[in-house]
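Remarks on the overall topology
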Amino acid sequence: MPSVAGEVRLQTMQTDMLPLTFKKTERLCHRSLIGELFDKGVSFFEFPFKIIYLQLDAKDSLAAEIPAQVLFTVPKRNHKKAVARNRIKRLMREAYRLNKAELYTALQSENKQLVLVFIYTNREMPEYRQAERKIKQAIHRLIHDITKKTSS
RNA sequence: GCAGCAGUCUGUUCUGUCGCUCCGGCUCAGGCCGGUGAGGAAAGUCGGGACAACACAGGGCGCCAUACUUCCUAACAGGAAGGGCUCGCCGCAAGGCGGGUACAGCAAGUGCCACAGAAAAUUACCGCCCCGCAUUUGCGGGGUAAGGGUGAAAACGUGAGGUAAGAGCUCACGCGGCGCAGUGGCAACACGGCGCCGGGGUAAACCUUAUGGGUUGAAAGGCCAUGUAUAUUGCGGUUUCCGGCUGUAGCCGGAAGAUGGUUGCCCGCCGAAAUCCUCCCUGCUGCCCGACUGCAAUCACGGUGGCGGGGAUACUAAGGAUACCGCAAGGGGUAGGCCGUUAGAGCUGUAUCGUGAGGUGCAGCCCGGAUAAAUGACAGAAGUUGGCUUGCAAAAGCCGAUCACAGAAUCCCGCUUACAGGACUGCUGCCUUU
RNA sequence: UGCGGGGUGGAGCAGUGGUAGCUCGUUGGGCUCAUAACCCAAAGGUCGGUGGUUCGAAUCCGCCCCCCGCUA
């Protein structure tokens, strides 16, 4: 029964410490911060995503209790129709929302804050499951990068 | 029943889990509860408005747009009804039905009409006819536009008269145009009558006529925060003359009137802005002292205004200071918030008026408001549809389709374009049954 | 959001109603021992699409598609 399996999966995730919400404070809305991110941020590819992130040093812009602010974007060049762009962004956001807990705990343990952007670079429409897998991989790599930087 | 054409409407639903936007309520807070949430095209940005800022006595020219009539509308290049023209089908015909239509004027002027052709608009190559000279084919002058050929298009058509040959030159019938009055119609127009005329096409060629049009767009605009921009620099100016009143400081009227403004140009018109007179110390008092956020932005310091007190200095409009007005130049900085912003040419129902687009009345309802931009993801079920299997059929089972076009960005009315499938209406044709 | 410009052989561009052209490139031939240059010749174009106006449209008009640019 796939329905039961799906519900079980969600219930197990609910038992985690962090809730699965995705509020406005977790999204990157500040114009100048976005500019700074694209200007100075570090980037890597996890096909079909390009991820750019920037660690914030002082607590200048973000509120203290928020570990990270994120932004999802799809270039108009690859997807001409607004419907397609909206859908891809929604899928990305959903995958991030369900898998961000690990990143948050890692950041809190390192006492760091982060702004990051996911850019969808493929011309094809994504499958949800595939997108979720790739975003998980990207988050793992992100955690790896952060912890390595602090240790070195 | 099927096909074609034209038009109208609709365009997936339910359940569970986890989420998002806005609104309301509760909570010290994390958060919780309730409600709410894409389209017929939200698209293209092609018309027109609302709204906003700036501008604006008025007239002429220019520029842009529109173009059968009447009506609808806030308005439109939109729509409705009607008329003309045209195409298709049916019919022997009269006519009927359906589709299309940028449909004012070339008979106001100017331009253009390749090639061909004599000539593309004051035509004359071949031809026909007359006269003169040669008397042989021909040459010269004139008349003519019926015939020939060219072309997309050749100077009303047919017949008769007429003539040297011919020609609307004349006549009959017909076709078309203009004018006049008549009948029907609100009108476009239709019908028949009289008179005159026969002028090719092209205005999606310039143009003419009529009508309309201020410019810029929510990145408008308002408030707040930040910043040295009310910065700074240059030029010019904050009047002159006349008359009257009169308290001699001004007031009233007229003329002139810089830089300028008025839609691109011209005329014309508009067009005038100001106060003060040193500095220091001190008391009381008012205001400012971060928009947002937040339960809360206070006090003090500092700044500034008012009313006082004290001290020093100066002695009166020559001048000085600051301020203001217009034009030109002008490097950089801020990149945030709130309002505008969603109750509206609104939606639903109903009655009524109208052929119709639509109008009016009554009742009920509140129905997105985001801003790197919410309206979603997953799972299941139903529906639709395609394929396969079973079955005479009805139907059943399995597999598939992330199930048409597509996502609000100030709002509204239209137009245009995209659109799986489904429903309905009208007309035409064919077939079947009665 | 508001607006502007453009689409013509393989490439870059002319052509504003009357037979679609130029330069480079391509192909064939010549010249040369050979290549380049040079000379001669040839091929190659639904003029972005689709309707309309006109005797006639790349050109004029409507609608649609695509590309580029400006506006913070």
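Residues numbered from 1 in each chain as written. Chains lettered and ligands numbered in written order. Predicted model: local features only at pLDDT ≥ 70, side-chain atom pairs only at ≥ 80, totals over all residues. Heavy atoms only, no water.

With that out of the way, let us pick up the overall build of chain A. Along the backbone of chain A there are five helices and four strands. Traced from its N-terminal end to its C-terminal end, chain A shows the element sequence α-α-β-β-β-α-α-β-α. Within chain A, the fraction of its 152 residues that count as buried is 39%. Across chain A, every contact between residues at least 6 apart in sequence was considered, and the portion connecting residues at least 24 apart equals 81%. (Helix = DSSP H or I, 4+ residues; strand = E, 2+ residues; numbered from the N terminus. Buried < 20%, exposed > 50% of the residue type's maximum accessible area, 1.4 Å probe, protein only. Contact = heavy atoms within 4.5 Å.)

The next thing to look at is helix H3 (residues 82-99). The end-to-end C-alpha distance of H3, which contains 18 residues, comes to 26 Å, matching closely the 26 Å that a straight helix rising 1.5 Å per residue would cover. Of all the residues in H3, the buried ones are Ala-84, Arg-85, Ile-88, Leu-91, Met-92, Ala-95, Tyr-96, Leu-98 and Asn-99. (Expected span 1.5 Å × (residues − 1).)

With that out of the way, let us pick up the side chain of Arg-85. Turning to its location among the elements, Arg-85 is positioned in helix H3. The class for Arg-85 is buried, based on a relative accessible area of 16%. Residues contacting Arg-85, with those up to four places away along its chain left out, are Val-74, Pro-75, Lys-76, His-79 and Lys-80.

Within this structure, the stated rule accounts for six aromatic pairs. Here the aromatic rings of Phe-49 and Phe-118 are separated by 6.3 Å at their centres, their planes lie at 90°, and the arrangement is edge-to-face. Of the two residues, Phe-49 sits in strand S2 (residues 49-56) while Phe-118 sits in strand S4 (residues 113-120), which places them 69 residues apart along the sequence. The residues Phe-49 and Phe-118 share a single accessibility class, namely buried. Ring geometry for Phe-49 versus Tyr-120: centroids 5.8 Å apart, planes at 65°, classification edge-to-face. Of this pair, Phe-49 sits in strand S2 while Tyr-120 sits in strand S4; the two residues are 71 residues apart in sequence, bridging distant segments of the chain. By way of ring pairs, the aromatic residues Phe-49, Phe-72, Tyr-96, Phe-118 and Tyr-120 are connected into one cluster. (Phe/Tyr/Trp six-rings, centres within 6.5 Å; stacked < 30°, edge-to-face > 60°.)

This part covers the nonpolar core. By size, the foremost hydrophobic cluster in this structure holds 28 residues, and its most contacted members are Met-92, Tyr-96, Leu-103, Leu-114, Leu-116, Phe-118 and Leu-142. Elements supplying a minimum of two residues to this core: S2, strand S3 (68-73), H3, helix H4 (101-110), S4 and helix H5 (128-151). Leu-103 has contacts with Tyr-96, Ile-139, Leu-142, Ile-143 and Ile-146, leaving out every residue within four places of it along the chain. Counting eight residues, the second-largest nonpolar core is a separate cluster that includes Leu-28, Leu-37, Ile-52 and Ile-119. (Core = buried A, V, L, I, M, F, W, Y, C linked by side-chain atoms within 4.5 Å.)

That is the geometry; function is a separate question.
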